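Reading the structure
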Amino acid sequence: MALRLGDEAPDFTAETTEGPIRFHEWIGNGWAILFSHPKDFTPVCTTELGYMAGLKDEFAKRNTKILGLSIDPVTDHKRWLKDIEEATGQKVNYPLIGDPELKIAKLYDMIHPNASAQTNRTAQDNATIRSVFIIGPDKKIKLSLTYPMSTGRNFDEVLRVLDSMQLTAKHKVATPVNWKKARRNHPASIPDADAKSLFPQGWRAVKPYLRMVRQPK
């Protein structure tokens, strides 16, 4: 069954490079990034795992945990982590799930439900297992992205979206195109009379439905 924004993220237990976890329990009261890979020892994914390690502190500032997944077993992951550190200069500092039976990949609709878990699967066999999910403290899916095999993911964009979602969860605003913690518009569903109490500093009306306010503190 396809997962949609606002659906509860399916819970699961899994073995990881940092020991067994139960997903919802592991998330706790914060946010989580779950991002997946079709195979160990692949070039694009190697660069991604290293880059995410470098962003861990930025995500931690936002009360957000990082969790990777690859369809190979944890024993293979541990060998791959050494390659990632050598290739990127970053030591992977977050857990990486082993999913050799494709259980979590299928649970999150990352791959065809009839895919078999034979041991000789290639990265091309697993081509759709390149997904990113952002999950909120309420365990609901807030973002879902799927990338092709040949294109590395932009995790700076994932960080930007997380900032937007955390801001808009706290304040009655929406963020405009290419927003980066600057100005944003607040939704037109808020009448002007109500907006005056929410935004006493005022706003710039570009259109009746497009009103720009300063960054809430």
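Rules used in this analysis
Residues numbered from 1 in each chain as written. Predicted model: local features only at pLDDT ≥ 70, side-chain atom pairs only at ≥ 80, totals over all residues. Heavy atoms only, no water. Helix = DSSP H or I, 4+ residues; strand = E, 2+ residues; numbered from the N terminus. Buried < 20%, exposed > 50% of the residue type's maximum accessible area, 1.4 Å probe, protein only. Contact = heavy atoms within 4.5 Å. Areas by Shrake-Rupley, 256 points an atom, 1.4 Å probe, with all protein chains shown as cover. Phe/Tyr/Trp six-rings, centres within 6.5 Å; stacked < 30°, edge-to-face > 60°. Axes fitted to C-alpha atoms, helices over the stretch in contact; angles between N-to-C directions. Parallel < 35°, antiparallel > 145°, perpendicular 65-115°, else oblique. Left-handed = near helix turned anticlockwise from the far one by under 90°. Nonpolar A, V, L, I, M, F, W, Y, C, P; charged D, E, K, R; others polar. Pairing = 2+ DSSP bridges. Salt bridge = Lys/Arg side-chain N within 4 Å of Asp/Glu carboxyl O.

Along the chain, the regular secondary structure elements total six helices and 10 strands. Scored against the burial criterion, the 217 residues of the chain give a buried share of 46%. Looking at the chain alone, contacts between residues at least 24 apart form 63% of all its contacts between residues at least 6 apart. In the structure as shown, the chain presents an accessible area of about 11500 Å², 51% of it carried by carbon and sulfur atoms.

The next thing to look at is the packing of aromatic side chains. Enumeration over the complete set of coordinates arrives at seven aromatic pairs. Consider the rings of Phe-41 and Trp-80, whose centres lie 6.3 Å apart with planes at 45 degrees: the pair is tilted. Of this pair, Phe-41 sits in the loop between strand S3 (31–37) and helix H2 (43–61) while Trp-80 sits in helix H3 (residues 74–88), and the two are 39 residues apart along the sequence. Here Tyr-108 and Phe-133 contribute two aromatic rings whose centre-to-centre distance is 5.1 Å and whose plane-to-plane angle is 65 degrees, an arrangement assigned as edge-to-face.

Counting through the fold element by element, Pro-137 comes out in the loop between strand S6 (131–135) and strand S7 (141–146). Spatially, the C-alpha atoms of Pro-137 and Ile-27 are 7.5 Å apart, while their sequence positions differ by 110 residues. If we ignore the near neighbours within four places in the chain, the residues touching Pro-137 are Gly-28, Asn-29, Gly-30 and Trp-31.

What follows covers the packing of H2 against helix H5 (residues 155–170). The geometry of a pair of packed helices is captured by two quantities: the angle between their axes and the separation between those axes. In the contact formed by H2 and H5, the axes pass within 10 Å of each other and the chain directions differ by 30 degrees. Here H5 runs roughly parallel to H2, going by the angle between their axes. You can see that H2 and H5 cross each other, and the crossing is right-handed. Two secondary-structure elements touch here, H2 through Glu-48, Tyr-51, Met-52, Leu-55, Glu-58 and Phe-59 and H5 through Phe-155, Asp-156, Val-158, Leu-159 and Leu-162. Split by residue class, the contact of H2 with H5 holds eight nonpolar, no polar and three charged.

Take Thr-75: it is sitting in helix H3. A residue is classified by how much of its surface remains accessible, and Thr-75, at 57% relative accessible area, is exposed. Sequence separation between Thr-75 and Gly-98 is 23 residues; the distance between their C-alpha atoms is 8.4 Å.

Counting through the fold element by element, Ile-134 comes out in strand S6. The spacing of Ile-134 and Ile-66 is 68 residues in sequence and 9.6 Å in space, taken between C-alpha atoms. Non-local contacts of Ile-134, meaning those with residues more than four positions away in its chain, are made with Trp-31, Ala-32, Ile-33, Lys-140, Ile-141, Lys-142, Leu-143, Val-158, Leu-162 and Met-165.

Turning our eyes to something else, we now look at the pairing of S7. Pairing analysis gives five bridges linking S6 to S7, with the strands arranged antiparallel. Bridge pairing links Phe-133 to Ser-144 in S7. Between S6 and S7, which follow one another and run antiparallel, lie five residues, and Lys-139 among them has a positive phi close to 70 degrees.

For the structure shown, the criterion picks out 11 salt bridges. Salt-bridge contacts for Glu-157 lead to Arg-160; the nearest nitrogen and oxygen are separated by 2.7 Å. With Glu-157 and Arg-160 both in helix H5 and three residues apart, the pair spans about one turn of that helix. According to the relative accessible area criterion, Glu-157 is partly exposed, its value standing at 28%. Put simply, Glu-58, Lys-61, Arg-62 and Asp-163 are held in one network by salt bridges that share partners.

On to the sheet that holds S6. Whether parallel or antiparallel, the strands of a sheet pair through hydrogen bonds between backbone atoms. Ordered by their spatial adjacency, five strands build an open sheet running S5-S4-S3-S6-S7, and the pairing between neighbours is mixed. A single partner strand is all that each edge strand has here, and the edge strands are strand S5 (96–98) and S7. Across the sheet, the mean angle from the axis of one strand to that of its neighbour is 20 degrees, orientation sign disregarded. Note that S3 and S6 share four bridges and pair antiparallel. Following the sheet pairing, Phe-35 is matched in S6 by Val-132. Here H3 sits on the sheet in contact with strand S4 (64–70) and S5, set at roughly 145 degrees to S5.

All we've got here are geometric facts, nothing functional implied.
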